[in-house]
Amino acid sequence: MNDIQNQDDLYKVVDEFYKKLLADKAISYIFTDVVKIKLEEHLPVLVSFWSQSILGTGGYYNNLTQIHLDVNAKSYLSKELFEIWLNHFENAIDENYQGINCERMKNQAHNLSTVMQIKIAKEKDEKL
Ligand code: HEM
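Read on for an overview of the structure. (Residues numbered from 1 in each chain as written. Predicted model: local features only at pLDDT ≥ 70, side-chain atom pairs only at ≥ 80, totals over all residues. Heavy atoms only, no water.)

Of all protein atoms, H68 (NE2) alone acts as a donor to the iron atom of the ligand, lying 2.0 Å away. If you trace the backbone, H68 turns up in helix α4 (residues 64-74). (Donors = N, O, S within 2.8 Å, 3.2 Å for Na, K, Ca; no water. Helix = DSSP H or I, 4+ residues; strand = E, 2+ residues; numbered from the N terminus.)

Within the secondary structure layout, I4 lies in the segment before α1 (7-23). Given a relative accessible area of 0%, I4 falls into the buried group. Each C-alpha atom of the pair I4 and Y97 lies 6.2 Å from the other, and the pair is 93 residues apart in sequence. Discounting residues that sit within four places of it in the chain, I4 has contacts with D9, L10, V13, L55, I93, Y97, N101, C102 and M105. (Buried < 20%, exposed > 50% of the residue type's maximum accessible area, 1.4 Å probe, protein only. Contact = heavy atoms within 4.5 Å.)

Turning to helix α3 (residues 39-55), a few remarks are in order. Counted at 1.5 Å a residue, the expected span for α3 with its 17 residues is 24 Å, and the 22 Å between its end C-alpha atoms agrees. Contact partners of the buried residues in α3: α1, α4, α5 (79-94) and α6 (100-127). At the C-terminal side of α3, G56 shows a positive phi close to 70°. (Expected span 1.5 Å × (residues − 1).)

With that out of the way, let us pick up the environment of G59. The topology assignment puts G59 in the loop between α3 and α4. Since its relative accessible area comes to 41%, G59 is described here as partly exposed. Separated by 11 residues in sequence, G59 and S48 place their C-alpha atoms 5.9 Å apart.

Functional significance is not addressed by these values, which are geometric in nature.
Right under this line is the structure:
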């Protein structure tokens, strides 16, 4: 198996990842009902994010944590949802690629997941 090396590889990963997310009723409602994502617009944004983060090619400027706080305000993003998300993400990578960039991508997703959950918990506390 090859490592993730370019934007085509990233596209393959996020495409396979979203197939898994959308096939799993425990989490798919977030992408179909809470936020109605358009895959043809969403997948290229994900590729630009991961390209910036893993390949250093730039082009992603949004506030990722705030975007997820906004999703959370509409429908609570629980620890269980983050675990489901990470599980599908890791499988989408491991089933198709292998190498240092794969490991960096999985670590990055874990780290961001932790940051997002801390911010979500903080917002919850501030509302009490
Ligand atoms: C419970 C777990 C998660 C759920 C349910 C979730 C859901 C979503 C949804 C609904 C959007 C679209 C938001 C919009 O367009 O308004 C989105 C965007 C995105 N998510 Fe997540 N997310 C989760 C965790 C993560 C994690 C851990 C990462 C880490 C890399 C991540 C990366 C992204 C990226 C890069 C975008 C694109 C943001 C943009 O449009 O600029 N997500 N997510």
